[in-house]
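# Commentary on secondary and tertiary structure
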Amino acid sequence: MDSWPSVPVPRLPGYTGRRPPLSLHDTATGSVRHTDPQDGTARMYVCGITPYDATHLGHAATYLAFDLVQRQWRDAGLRVHYVQNITDVDDPLLERAAHTGENWKALAERETQLFREDMTALRVLPPDDYIGAVEAVPEITAAIEALRDAGQAYAVDEDLYFPVSAAPGFGSESNYDRATMLRLFAERGGDPQRVGKRDPLDSLLWRGRRPGEPFWDSPLGTGRPGWHIECSVIALNRLGMQFDVQGGGSDLVFPHHEHSAAHAEALTGTAPFAKHYVHAGMIGLDGEKMSKSRGNLVLVSKLRAAHVDPMAVRLALLDGHYRADREWTGGRLPAAEARLARWRAATALAAAPPAEGLLTDVREALADDLDTTRAIAGIDTWADDALSSPGSVGASGAGTLVRSLTDALLGVLL
Ligand code: 5CA
Ligand code: ZN
């Protein structure tokens, strides 16, 4: 699939102090640990959208978090290999298309294109490989065949399931107990009640053809792949095992990322799938998770159409820790707009306080599990300082450095 256009990332001056390696919270170990990319390349897979509705601020916040991951790695001189999928065939998409009478492919294409435009406006760096499930059907099917041939899949009617009993590492990503797993599996697209399964937690690898649903011919018969194996295979075939970060929102901790990891580990006989499992908190509106199925959405495209500065949207979403569940409230956008205006005014002054110390502080804050709140507070202090004795407008070295810093490290173009 076509990705979206990239934006240049300014190179920032080095500094004499120790450059902290990026640390991120890892769900599997429950701790904040250093990332440790090998051979100068950081490898990251972030679960992409299911394109049946427009990008809301929850999606945007999650992709912004991983955009910051990429920006900190790049600032540390690393190359980044970033892969993202599009779940462009799956139950929710097909259900929406059936409900509205739209062709499912047309729906997926339209919403994917809107997502690209939203990501472009928010200055999110694009993935190097942007892979639709549909285009990946042959490689996913080959992997399911391999699992079946290795005795790691069993049939229930025309469908194939992955037996969690065959996966020694199952549970080590989420660390949830069985009762929690069963609850979340039922809530998030699983089918614990299906008769014929060996374990209620076994997940669907292959769904045999159903009337009215799209299907593909394969050595497995006619049908379509399940959801978790989609991400396993798209990641594995491009990044290999033990890539640096597997990312997504916290609603993907279980079952999606647990099963994706289990499939990949079963396919390769090695572990772990990813070295860090990184999860962004949920953005809520009116006390509930913002979600397409609930319909309580604030859409990025609506804000764009209302001529809201995308940099204010970006800044509003970064003002809060990425891991925390947070509420979108009416005051967030005006606050971010005011902050943006102050930062712009401060960096436009001919005389501004030196900013080398600020650069060090912002780097350290972001390297510490993306502490954007601390980074933003540091920039606020610098801007307040600059504006407390405003001189004439004009170029200053410090202003230029702060503009480069907010651009490179936070993706906020002043
Ligand atoms: N296609 C799958 C992943 S393979 C999927 O979950 N798609 S999605 O469109 O439902 O979500 C896309 C991304 O946005 C996921 O990482 C999901 O965790 C995240 N997300 C969804 N809702 C929210 C929310 N309210 N707040 C933060 N992130 C969210
Ligand atoms: Zn995924």
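Anything mentioned here points back to the structure above.
Everything quoted here is computed from the prediction, not taken from an experiment. (Residues numbered from 1 in each chain as written. Chains lettered and ligands numbered in written order. Predicted model: local features only at pLDDT ≥ 70, side-chain atom pairs only at ≥ 80, totals over all residues. Heavy atoms only, no water.)

Taken in spatial order, the five strands line up as 5-4-3-11-12 in an open sheet, and their pairing is parallel. At either end of the open sheet lies a strand with only one pairing partner, and these are strand 5 (129-132) and strand 12 (274-280). Each adjacent strand pair in this sheet contributes to an overall mean axis angle of 20 degrees, direction not counted. Pairing of strand 4 (residues 79-86) with strand 5, which is carried by four bridges, proceeds in the parallel orientation. Its bridge partner lying in strand 5, V83 is registered against D129. The sheet strands contacting helix 1 (residues 57-75) are strand 3 (41-46), strand 4, strand 11 (243-249) and strand 12, and the helix crosses strand 3 at an angle near 175 degrees. Contacting strand 3, strand 4, strand 5 and strand 11, helix 6 (residues 227-239) crosses the sheet at an angle of about 155 degrees to strand 4. (Pairing = 2+ DSSP bridges. Helix = DSSP H or I, 4+ residues; strand = E, 2+ residues; numbered from the N terminus. Axes fitted to C-alpha atoms, helices over the stretch in contact; angles between N-to-C directions. Contact = heavy atoms within 4.5 Å.)

Here the focus is the environment of S203. Among the structural elements, S203 can be located in strand 8 (residues 203-208). With 207 residues separating them in the primary sequence, S203 and L410 have C-alpha atoms 38 Å apart. With residues near it in sequence (within four places) discarded, S203 still touches L160, Y161, F162, F185, H228, H259 and H263. Only 2.8 Å separates the side chain of S203 from the side chain of H259, close enough to count as a polar contact. (Polar contact = N/O pair within 3.5 Å; in protein donor to acceptor, adjacent residues only side chain to side chain.)

Here the focus is the coordination of the zinc ion (ligand 2). The coordination sphere of the zinc ion (ligand 2) contains the protein donors C47 (SG), C231 (SG) and H256 (NE2), at a distance range of 2.1 to 2.2 Å. Geometry at the zinc ion (ligand 2) is tetrahedral, judged from its four donor atoms and the angles of 103 to 116 degrees they form at the metal. For the zinc ion (ligand 2), the donor residues sit on a single chain with the sequence spacing C-x183-C-x24-H. With C47 in the loop between strand 3 and helix 1 and C231 in helix 6, this residue pair connects regions lying 184 residues apart in the sequence. C231 carries the same exposure label as C47, and that label is buried. (Donors = N, O, S within 2.8 Å, 3.2 Å for Na, K, Ca; no water. Tetrahedral: all angles 85-135°; square planar, octahedral: opposite > 155°, others 65-115°. Buried < 20%, exposed > 50% of the residue type's maximum accessible area, 1.4 Å probe, protein only.)

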